[in-house]
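This is what each chain is made of:
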Amino acid sequence: MASQVFYRKWRPQSFADLAGQESVTQTLRNALKTGHISHAYLFCGPRGTGKTSTARILSKAVNCLTTGGKGEPCNQCEMCLSINEGRAMDVIEIDAASNTGVDDIRALRERVNISPAQARYKVYIIDEFHMLSTAA
């Protein structure tokens, strides 16, 4: 079995697992229940508050095959498992601290127009967005 970084191994897998973010999770749950999902979400805050974890849970929730995108991810269906394992083709996590240039963003913009292959929605999680160059 491959070793995992500590924070990835113990990352929350559902909205209920997120500690100290009740107002955020309730807002996202309400959006899922009513089907009023925005085309973009901006998660901001200090280091370690669950921004990336929340984005990953939201990506599972909107694409979950069991709940139909209307609530907590089941973490049991094929889509939830593939997102958990990092092999979902339609959930793309980008580290903007490493991909800071205009060419990186240009390549991203070209891929956005492609429809999702397996999931209901294609999700881009851009971590450390503030690290992008001004031109990007």
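Residues numbered from 1 in each chain as written. Predicted model: local features only at pLDDT ≥ 70, side-chain atom pairs only at ≥ 80, totals over all residues. Heavy atoms only, no water.

## A look at the packing of helix H2 (residues 22-34) against helix H3 (residues 51-63)
Inference 1: Viewed as axis vectors pointing N to C, H2 and H3 meet at an angle of 20°, and their least axial separation amounts to 11 Å. Taken together, H2 and H3 sit at an angle that is classed as roughly parallel. Along this stretch, H2 crosses H3, giving a crossing that reads as right-handed. Contacts between H2 and H3 pair Val 24, Leu 28 and Leu 32 from the former with Thr 54, Leu 58, Ala 61 and Val 62 from the latter. (Axes fitted to C-alpha atoms, helices over the stretch in contact; angles between N-to-C directions. Helix = DSSP H or I, 4+ residues; strand = E, 2+ residues; numbered from the N terminus. Parallel < 35°, antiparallel > 145°, perpendicular 65-115°, else oblique. Left-handed = near helix turned anticlockwise from the far one by under 90°. Contact = heavy atoms within 4.5 Å.)

## Quick word on the nonpolar core
Inference 1: In this structure, Phe 15, Leu 32, Leu 58 and Val 91 are the most contacted members of the largest nonpolar core, which totals 19 residues.
Inference 2: Those elements giving two or more residues to this core turn out to be H2, H3, helix H4 (78-84) and strand S2 (123-127).
Inference 3: Top contributing element to this core by residue count: H3, with five residues.
Inference 4: In terms of nonpolar packing, the next biggest core, distinct from the first, is built from six residues, Ile 92, Ala 96, Ile 105 and Leu 108 among them. (Core = buried A, V, L, I, M, F, W, Y, C linked by side-chain atoms within 4.5 Å. Buried < 20%, exposed > 50% of the residue type's maximum accessible area, 1.4 Å probe, protein only.)

## Focus: the state of the cysteines
Inference 1: For the structure on display, the rule yields zero disulfides.
Inference 2: Of all cysteine sulfurs in the structure, the one in Cys 77 sits closest to Cys 80, which takes part in no disulfide; the separation is 3.6 Å.
Inference 3: A relative accessible area of 0% places Cys 80 in the buried class. (Disulfide = S-S within 2.5 Å.)

## Some details on the pairing of S2
Inference 1: Pairing analysis gives five bridges linking strand S1 (residues 91-95) to S2, with the strands arranged parallel. Of the residues in S2, the one forming a bridge with Ile 94 is Ile 126.
Inference 2: As for the winding sense of the linkage, the β-α-β connection from S1 through helix H5 (residues 102-112) to S2 is right-handed. (Pairing = 2+ DSSP bridges. Right-handed = clockwise from strand over helix to strand, strands pointing away.)

## Some thoughts on the side chain of Asn 75
Inference 1: Along the polypeptide, Asn 75 turns up in the loop between H3 and H4.
Inference 2: Residue classification places Asn 75 among the buried residues on the basis of a relative accessible area of 16%.
Inference 3: In this structure the side chain of Asn 75 is engaged in a polar contact, spanning 2.9 Å, whose partner is the backbone oxygen of Gln 13.
Inference 4: A polar contact of 2.6 Å, which involves the side chain of Asn 75, links it to the side chain of Lys 60.
Inference 5: If we ignore the near neighbours within four places in the chain, the residues touching Asn 75 are Gln 13, Ser 14, Lys 60, Cys 80, Leu 81 and Asn 84. (Polar contact = N/O pair within 3.5 Å; in protein donor to acceptor, adjacent residues only side chain to side chain.)

## Some details on the packing of aromatic side chains
Inference 1: Per the stated rule, a full pass over the model turns up one aromatic pair.
Inference 2: Ring geometry for Tyr 41 and Phe 43: centres 6.3 Å apart, planes at 10°, overall stacked.
Inference 3: Note on Tyr 41: relative accessible area 32%, which makes it partly exposed.
Inference 4: A residue is classified by how much of its surface remains accessible, and Phe 43, at 24% relative accessible area, is partly exposed. (Phe/Tyr/Trp six-rings, centres within 6.5 Å; stacked < 30°, edge-to-face > 60°.)

## A few points about H2
Inference 1: Taking 1.5 Å per residue as the helical rise, H2 with its 13 residues ought to reach 18 Å, and the 18 Å between its terminal C-alpha atoms agrees with that figure.
Inference 2: When we look at burial in H2, the residues that qualify are Thr 25, Leu 28, Ala 31 and Leu 32. Take H2 and look down its axis: the buried residues cluster within an arc of 125°, on one side only. Pointing more than 90 degrees away from the buried face of H2 are the exposed residues Glu 22, Ser 23, Thr 27, Lys 33 and Thr 34.
Inference 3: The secondary structure elements touched by the buried residues of H2 are H3.
Inference 4: Gly 35 sits one or two positions beyond H2 and adopts a positive phi of about 80°. (Expected span 1.5 Å × (residues − 1). Arc of directions from axis to C-beta.)

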